[in-house]
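# What the coordinates show
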Amino acid sequence: EACVDEVLDGIDLAVRTYMNKELQPSWILELDSSTDQKFSRHLIVQIPGVAFQNSRHVKEFIHSIYASPPNGLGRRCIVVNTE
């Protein structure tokens, strides 16, 4: 749960910074494919009036969240190994 919250906080920061919009809970669809052996969540964020041209632009958007300033927002990505 904390990992998903971290990702959503980063997306919220980027949406506010780059799109001048506030991320709304109704824009987020969270799919949980976790099992006892793996953690797997998928987030679909639909922002009204916004569409990425292709998957490369989505990748650049996500990378901008975690890239160091001045090229990015400097968020920290946390990876947790529970094994």
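Reference entry: report on the structure contained in this document. (Residues numbered from 1 in each chain as written. Predicted model: local features only at pLDDT ≥ 70, side-chain atom pairs only at ≥ 80, totals over all residues. Heavy atoms only, no water.)

Let us now look at unusual backbone geometry. Positive phi, normally seen in glycine, also occurs at Asn 20, with a value near 55°. Note on placement: Asn 20 falls in the loop between α1 (2–19) and β1 (28–32). Residue class for Asn 20 comes out exposed when judged on its relative accessible area of 72%. (Helix = DSSP H or I, 4+ residues; strand = E, 2+ residues; numbered from the N terminus. Buried < 20%, exposed > 50% of the residue type's maximum accessible area, 1.4 Å probe, protein only.)

Helix length check: α1 (18 residues) gives 25 Å between terminal C-alpha atoms against 26 Å at 1.5 Å per residue, within 8%. Looking at α1, one finds that the buried residues are Val 4, Leu 8, Gly 10, Ile 11, Asp 12, Ala 14, Val 15 and Met 19. Each element contacted by the buried residues of α1 is listed here: β1, β2 (41–45) and α2 (55–66). Asn 20 sits one or two positions beyond α1 and adopts a positive phi of about 55°. (Expected span 1.5 Å × (residues − 1). Contact = heavy atoms within 4.5 Å.)

As a further point, take the packing of α1 against α2. Put simply, α1 and α2 touch, their axes get as near as 9 Å, and they point 105° apart. When the axes of α1 and α2 are compared, the pair comes out roughly perpendicular. Touching Glu 6, Val 7, Gly 10, Ile 11, Ala 14, Val 15, Tyr 18 and Met 19 of α1 are Phe 61, Ser 64, Ile 65 and Tyr 66, all from α2. Along the lines of polarity and charge, the residues of the contact of α1 with α2 split into nine nonpolar, two polar and one charged. (Axes fitted to C-alpha atoms, helices over the stretch in contact; angles between N-to-C directions. Parallel < 35°, antiparallel > 145°, perpendicular 65-115°, else oblique. Nonpolar A, V, L, I, M, F, W, Y, C, P; charged D, E, K, R; others polar.)

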